[in-house]
Amino acid sequence: MSLAPGGARESVFEARGVTKTYDMGEVRVQALRGADMDLFAGELMVLLGPSGSGKSTLLNILGGLDTATAGAVRYRGFDLTHATDRELTRYRRLHVGFVFQFYNLIPSLTARENVAAVTEIASNPMKPEEALELVGLGDRMHHFPSQLSGGQQQRVAIARAIAKRPSVLLCDEPTGALDWETGVVVLEAIETVNRELGTATAVITHNADIAGMASRVIHMSNGHISSVEENTARRSPRDLHW
Amino acid sequence: MRALDIKLFRDLWHMKGQAFAIAMVVAGGTATYVLASSTLDSLKTTQSSLYREGLFGDVFAQLKRAPENMRERIAAVPGVRFVETRIAVPANLDLSSYPLPISAMVLSLPESGPPALNALYLRRGRMPELGREQEAVVSDGFALAHKLQPGTSLTATIYGRRRKIEIVGIVSSTEFIYQLQPGSIIPDFKTYALLWMNHDPVESAYNMTGAFNQVSLKLDPGASQQDVIARLDDLLRPYGGLGAYGREDQVSHKYLSEEFKQLTVMATVFPAIFLGVGAFLLNVVSTRLMATQRGQIAILKAFGYTTPAIAGHYLKLTFLIVALGCALGLAAGQWMGRGMSAMYMEFYRFPRLEYVLRPHVIVYSVIINLVAASAGAVLAVVRAAGEPPAQAMQPAVPGNFRMTILERLGAARSLSQPTRMILRNLERRPMKALLSVLGVALSGAILVMGGFWSNAVDFMVDFQFRQSQRDDLMVVFIDATSERALYSLTSLPGIRYAEPFRSVSVRLWNGPRQYRTSIQGLENHGELRRLLNTQSRQIDLPEDGLMLTDFLARKLRLTPGDMVTVEVMEGERGVYAVPLTDVVSEYIGVSAYMRRPALNRLLGEGNAISGAYLAADMTTAPTIYSLLKEMPRVASTTARKRMLESFYETMARQMLTFAFFNTLLAATIAVGVVYNTARIAFSERSRELASLRVLGYTRSEISYILLGELAVIVFLAIPLGCYLGQFMCQLSVAQANDLFRVPLVILPSTYAFSALIVLAAATVSGLLVRRKLDHMDLVEVLKTRE
């Protein structure tokens, strides 16, 4: 865990009073109602909450896929709330890695090429092969998504997310579509990346058991951060059960 | 309203852009069909109802001069119901407002009143009153061309004598719906008029007291036309009969029939291709559209809807789109059909038009479109509904991809991932890619077809009126005359050169096959009238024997070396056997040619000529015209430049208007197809494009993937479209007729135009889709499971 001078932890994200309101015609849905949170460098944070609690919205805002209606979101001092589309694209391109529940791989590209699709446009990427080795898929490099299992596809997605050496890795229900066995392998891959590359990682889940692998757990409900707890006894994914 | 029906309208509204584009494809095909068939049906219906009510004759004959009492003998021929005789006199008219020579035919009205056969329709004014020697009614085409009103006076030179004529009425005639000056192939309302006058003045002007020189017959139902013609020929032979003929050889009817044949080809081939292409595209598009509904179909199935119920639901959606297209197409087609028919009316002088849109045209166009659309839609829906709902609600399993041939050959190592995506998407479903290419190509092809007609017409005109005919003026004498008459022509001021010709009406026979035409006796290697083959090279007229337009030779089943029976329809009316020595390919008209001396020898006459082609200094034209009018032997003078103009004013205008409408409809189809191709590609790819955006790809970079695929399709489609277009043009000219053999001439500019429209359609569609890409809600797209 890296410490900033003076002993304070270095924040990758600072979110203060973030609200998000969706205008759905005549109804206004408040997805976030003044959320405050930080993601610190190198940590593995789990964002826990029931569906509809606003965790995906928060993650999307952190990742530059969406903008806050009010409040401030900063990425290493850079104001994400008022960034233009061009700036957000550049931000995603250089700094953020995403992993989704439904992998979202490009079916027409092999595992290696899916990763290369990102490394080709990044500024200081690792080799696609290296990224795939990291998630344990060195031998599946030339397979197309249709030739891979769900867990393998998700690990390609992780390799694709981290190949650019992002500062943050954002995972939205990465094991949501997987069984326990494969889910564990995917979580191990995420943990490996966090540990070996020091990538600040946020994992969204509604599965409280997964929180066991986090260094910090943020609980969300109804658009608020309801509590933050430090996890002093981190467990390896293999020891988690759900 | 049932929830499903509400969904239907919402879905339709949601996909309004696409639905409209599909409707345009349907509308384009339907409109072409309605335009063509309603125009043709209207013209044919009008023609037959006028023939019936106006008692259009069945048999016609012209002769030198027969006494009026012959009329009873003709009436006594078995099968003859009515006989009408008259006097026809060629004349030249003077209109102070028009400098060019005007030829006319003056026809006598029966003494008893208006003609019983071949009725006249009074459009304005009144008929000449009995006893009024100067009064005449004039053909409406001529009146319209010169804006003549009843009350106008003009001067006519009849048989060398000048007379003042007062126009009291304007008429159209069932007999002259197609008003063609004898010897011409194009109607020219400005330089040719028909005049009807009382019997007495015509009789005296032409020295025809108690005689007639034209006769029309109406036959009893079931009477043998052939027998009547034979009997009439026998009766008239002593009086210089020129050979009786039936409707099929009556000039107006014959040309009308040939024009209708030409129109039928256009009205069959164009709509068949358009409807076919439209139906095909509709099928492709509706299949794709339904494929994008996979998730929704699964949800409906999960709710417990049966597959037929779901198929029915989507069929309704398809039907609504098709119905919209059909309605648009029917309305547009009818509107254009009326416009087109009205334009034909200026050309065919029908006194009225009965616009007809037959119910079967509507029924067919609706059925064809519905079947095409529903076949595509049902197949796609059934395929989607066949999946277990749970599976269908999951995101689609990633498709099976593999390395493209290019990559396996190692030729693509340096390709970027987006480029690989483009290539693999295309190669993974080659059939789909092929259909897209074919769809866009077909829309390009029909554009080529639209432009082709204008190329072909220009080419024919250039060939006929610039390369083959190079005279400034053509003079025709009333009767064949001595070659010495040439001197009177060359001595006119401004005439540089005169080239004589002899023209004689004949009937050509080969066994039972016969064709009425005239033999043109020309100078070999003439300067002003050049016989050209289709390579534009001047050809030799055979020393002896006959040369025919190849189309006529085929029609008579003759090949060079065969003997042709030539029945001369004037003078001594000899019958000769003449060898067919050669054939010549020509684009306009059908003719028979001989060297003039050979023709003179055949007819047993000296150096007779029928007229001459003149090369003249046209700055002195007014003087030449006025001097020619003074010559009693000159029947008509035609300026080639005027013929060219009149060709563009009449025939070319119709064909080009038709082609223009078709181009418009083709462009509509092209835009509809290209937009749909782009739009559906967007639906199919939005998920992976959104993923790439999330990974940090810019808008331009993801646009490249989608639009790159579209670009590859369009660039493959353009050359294929040109090729298919050429093929379709070939189909549309395959059927020749007596008037034209349309050459397959497609200029590069036509291909370029087609390519340009397709490119423009692709660019606009690309921009529209690009806008959609720009406004794509990444989170939403990624959440949506297809």
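Residues numbered from 1 in each chain as written. Chains lettered and ligands numbered in written order. Predicted model: local features only at pLDDT ≥ 70, side-chain atom pairs only at ≥ 80, totals over all residues. Heavy atoms only, no water.

With that out of the way, let us pick up the overall build of chain B. Within chain B, the regular secondary structure consists of 23 helices and 20 strands. Judged by the C-alpha coordinates and their principal axes, chain B covers about 100 × 60 × 50 Å. Once the 80 positive and 65 negative side-chain charges of chain B are each reduced to a mean point, those two points are 10 Å apart. (Helix = DSSP H or I, 4+ residues; strand = E, 2+ residues; numbered from the N terminus. Lys, Arg positive; Asp, Glu negative; His and termini not counted. Charge placed at Lys NZ, Arg CZ, Asp CG, Glu CD.)

With that settled, the discussion passes to the nonpolar core. Residues Phe 13 and Met 37 of chain A together with Tyr 348, Phe 350, Phe 647 and Phe 740 of chain B are the most contacted members of the largest nonpolar core, which totals 149 residues. No other element matches helix H20 (residues 651–694) of chain B, which puts 20 residues into this core. Excluding anything up to four places from it in sequence, Tyr 348 of chain B contacts Leu 43, Ile 177, Tyr 178, Leu 256, Glu 259, Phe 260 and Gln 654 of chain B. Judged by nonpolar contacts, the second largest core, of 49 residues, contains Ile 87, Val 106, Ala 498 and Ala 612 of chain B. (Core = buried A, V, L, I, M, F, W, Y, C linked by side-chain atoms within 4.5 Å. Buried < 20%, exposed > 50% of the residue type's maximum accessible area, 1.4 Å probe, protein only. Contact = heavy atoms within 4.5 Å.)

Moving on, we come to the pairing of strand E9 (residues 216–221) of chain A. All names here are of chain A. Sheet analysis places strand E3 (residues 44–48) next to E9, joined by 4 bridges and oriented parallel. Paired with Val 46 across the strands is Val 217, a residue of E9. Relative to strand E10 (residues 224–230), E9 runs antiparallel, the two being bridged by 6 bridges. Bridged to Val 217 within E10 is Glu 229. The loop that links E9 with its antiparallel partner E10 comprises 2 residues; one of these, Asn 222, has a positive phi angle of about 55 degrees. (Pairing = 2+ DSSP bridges.)

So, on to a nonpolar patch on the surface. All names here are of chain B. On the surface, a cluster of nonpolar side chains totalling about 440 Å² of accessible area is made up of Val 363, Tyr 364, Ile 367, Ile 368 and Val 371. In this structure, Ile 367 sits in helix H10 (residues 359–385). Exposure remark for Ile 367: the relative accessible area of 45% places this residue in the partly exposed category. (Patch = residues over 30% accessible without salt bridge, like charges linked within 9 Å, V, L, I, M, F, W, Y side chains within 5 Å. Areas by Shrake-Rupley, 256 points an atom, 1.4 Å probe, with all protein chains shown as cover. Salt bridge = Lys/Arg side-chain N within 4 Å of Asp/Glu carboxyl O.)

On to the domain arrangement of chain B, then. Reports of interface size often rely on the accessible area that becomes lost once the parts have come together. Residues and elements named next belong to chain B. Each assigned domain of chain B is listed here: domain 1 (56–255), domain 2 (429–469 + 641–786) and domain 3 (495–616). Here the C-alpha centroids of domain 1 and domain 3 sit 28 Å apart. Opposite the 10 residues of domain 1 that make contact, domain 3 presents 7 residues. Roughly 770 Å² is buried in total at the junction of domain 1 and domain 3, and carbon and sulfur atoms are behind 44% of that figure. At the junction of domain 1 and domain 3, the tally comes to 1 salt bridge. Note that Arg 507 and Asp 233 form a salt bridge whose closest N and O atoms lie 3.8 Å from each other. Each residue belonging to the side of domain 1 that touches domain 3 can be placed in one class, and the counts come to 4 nonpolar, 2 polar and 4 charged. (Domains from an automatic or database assignment. Buried area = accessible area lost by both parts, 1.4 Å probe. Nonpolar A, V, L, I, M, F, W, Y, C, P; charged D, E, K, R; others polar.)

The subject of this paragraph is the sheet that holds strand E1 (residues 11–24) of chain A. Residue and element names in this part refer to chain A. Strand order in the open sheet formed by 4 strands is E2-E1-E4-E5, with antiparallel pairing between adjacent strands. Of all strands in the sheet, those with a lone pairing partner are strand E2 (27–40) and strand E5 (78–79), marking the two edges. Direction of pairing for E1 relative to E2: antiparallel, over a ladder of 11 bridges. Looking at the pairing, Met 24 lines up with Val 27 of E2.

As a further point, take unusual backbone geometry. Positive phi outside glycine occurs at Arg 165 of chain A, with the angle close to 55 degrees. Of note, Arg 165 of chain A is situated in the loop between helix H5 (150–162) and strand E7 (168–172). Even without being glycine, Leu 55 of chain B reaches a positive phi, approximately 45 degrees. On the secondary structure map, Leu 55 of chain B appears in the loop between helix H2 (16–53) and strand E1 (59–67).

So, on to the interface of chain A and chain B. Residue-level contacts link 28 residues of chain A with 33 residues of chain B. Taken over both partners, the interface formed by chain A and chain B buries close to 2,700 Å², and the fraction arising from carbon and sulfur atoms is 59%. Across the chain A-chain B interface, the total number found is 5 salt bridges. In this structure, Asp 85 of chain A engages Arg 693 of chain B in a salt bridge whose closest nitrogen and oxygen atoms are separated by 3.2 Å. Linking chain A with chain B are 11 residue pairs in polar contact (both at pLDDT 80 or more). Of the residues forming the side of chain A that touches chain B, the biggest block, 5 residues, is contributed by helix H3 (residues 111–119) of chain A. In terms of residue class, the side of chain A that touches chain B is built from 13 nonpolar, 7 polar and 8 charged. (Polar contact = N/O pair within 3.5 Å; in protein donor to acceptor, adjacent residues only side chain to side chain.)

Before going further, it helps to examine the packing of aromatic side chains. Both the distance between ring centres and the angle between the ring planes are used here to describe each pair of aromatic rings. Residue and element names in this part refer to chain B. In this structure the tally under the stated criterion is 21 aromatic pairs over all chains. With 6.0 Å between their ring centres and 25 degrees between their planes, Phe 60 and Tyr 245 make a pair best called stacked. Taken as a pair, Phe 60 in strand E1 and Tyr 245 in strand E11 (residues 245–246) lie far apart in primary sequence, 185 residues in all. Across the pair, Tyr 245 and Phe 60 agree in class, each one buried. Ring pairing ties together the aromatic residues Tyr 178, Tyr 255, Phe 260, Tyr 344, Phe 347, Tyr 348 and Phe 350, which thus form one cluster. Here the guanidinium or amino end of Arg 349 rests over the ring plane of Phe 189, the centre of that ring lying 5.7 Å away. (Phe/Tyr/Trp six-rings, centres within 6.5 Å; stacked < 30°, edge-to-face > 60°. Lys NZ or Arg CZ within 6 Å of the ring centre and 35° of its normal.)

Confidence in the prediction for chain A averages 86 pLDDT; 96% of positions are at 70 or higher. Confidence drops under a pLDDT of 50 for residues 1–7 of chain A, and excluding neighbours within four residues, the segment shows 9 contacts in the predicted structure. (pLDDT = per-residue confidence, 0-100.)

All names here are of chain A. It is at 8 Å that the axes of H3 and H5 come closest, and there the two elements cross at 25 degrees. Comparing their axes, H5 and H3 come out roughly parallel. In the packing of H3 onto H5, the handedness of the crossing is right-handed. Each of Ala 111, Asn 114, Val 115 and Val 118 in H3 lies in contact with H5, whose residues at this interface are Val 156, Ala 159 and Arg 160. Partitioned by chemical class, the residues of the contact of H3 with H5 number 5 nonpolar, 1 polar and 1 charged. (Axes fitted to C-alpha atoms, helices over the stretch in contact; angles between N-to-C directions. Parallel < 35°, antiparallel > 145°, perpendicular 65-115°, else oblique. Left-handed = near helix turned anticlockwise from the far one by under 90°.)

Turning our eyes to something else, we now look at the side chain of Arg 529 of chain B. All names here are of chain B. Relative to the assigned elements, Arg 529 resides in the loop between strand E14 (513–522) and strand E15 (546–549). Glu 586 provides the closest opposite charge to the buried, salt-bridge-free Arg 529, at an N-O distance of 4.2 Å. Among the polar contacts made by the side chain of Arg 529, one reaches the side chain of Ser 468 at a distance of 2.7 Å. Dropping the residues within four chain positions of it, Arg 529 is found in contact with Gln 464, Ser 468, Gln 469, Glu 499, Leu 522, Glu 586, Tyr 593 and Tyr 613.

Another aspect to go through is the environment of Tyr 587 of chain B. Residues and elements named next belong to chain B. Relative to the helices and strands, Tyr 587 is located in the loop between strand E17 (575–584) and strand E18 (592–595). Sequence-wise, Tyr 587 and Thr 174 are 413 residues apart; in three dimensions their C-alpha atoms are separated by 29 Å. Not counting residues up to four positions away in its chain, the partners in contact with Tyr 587 are Phe 459, Met 460, Phe 463, Thr 534, Leu 739, Phe 740, Arg 741 and Pro 743.

Before going further, it helps to spend a moment on H3 of chain A. With respect to burial, H3 of chain A is a largely interior element, 8 of its 9 residues being buried. Listed in full, the buried residues belonging to H3 of chain A are Ala 111, Glu 113, Asn 114, Val 115, Ala 116, Ala 117, Val 118 and Thr 119 of chain A.

Residue and element names in this part refer to chain B. Covered by surrounding structure in E18 are Ala 592 and Met 594 together with Tyr 593 and Arg 595, the residues of both alternating faces. Relative to E18, E15 runs antiparallel, the two sharing 2 bridges. Looking at E18, one finds that Met 547 is bridged to Tyr 593.

This brings us to the sheet that holds E11 of chain B. Residues and elements named next belong to chain B. The strand order E2-E10-E1-E11 describes an open sheet built from 4 strands, whose pairing is antiparallel. Strands with a single pairing partner mark the edges of an open sheet, and in this sheet they are strand E2 (80–86) and E11. Pairing between E1 and E11: 2 bridges, direction antiparallel. Bridge pairing in E11 places Phe 60 opposite Tyr 245.

Our next topic: the packing of H5 of chain A against helix H6 (residues 180–197) of chain A. Residues and elements named next belong to chain A. In the contact formed by H5 and H6, the axes pass within 9 Å of each other and the chain directions differ by 15 degrees. When the axes of H5 and H6 are compared, the pair comes out roughly parallel. Remark: the crossing between H5 and H6 carries right-handed chirality. Facing Gly 151, Gln 154, Arg 155, Ile 158 and Ile 162 of H5, the residues of H6 in contact are Thr 182, Val 185, Val 186, Ala 189, Ile 190, Val 193 and Leu 197. Considered class by class, the residues forming the contact of H5 with H6 number 8 nonpolar, 3 polar and 1 charged.

For side chains bearing opposite charge, pairing can occur when the charged atoms are close. Going through the model one piece at a time under the given rule, you end up with 45 salt bridges over all chains. The closest approach of N and O atoms between Arg 132 of chain B and Glu 129 of chain B, which form a salt bridge, is 3.4 Å. Among the residues examined, Arg 132 of chain B registers a relative accessible area of 40% and is labelled partly exposed. Residue Glu 645 of chain B is joined to Arg 642 of chain B by a salt bridge in which the shortest nitrogen-to-oxygen separation is 3.0 Å. One end of the pair, Glu 645 of chain B, and the other, Arg 642 of chain B, are both in helix H19 (residues 640–649), 3 residues apart, so they sit about a helical turn from each other. Residues joined in a network through salt bridges with shared partners are Asp 85 of chain A together with Arg 693, Arg 699, Arg 770 and Asp 774 of chain B.

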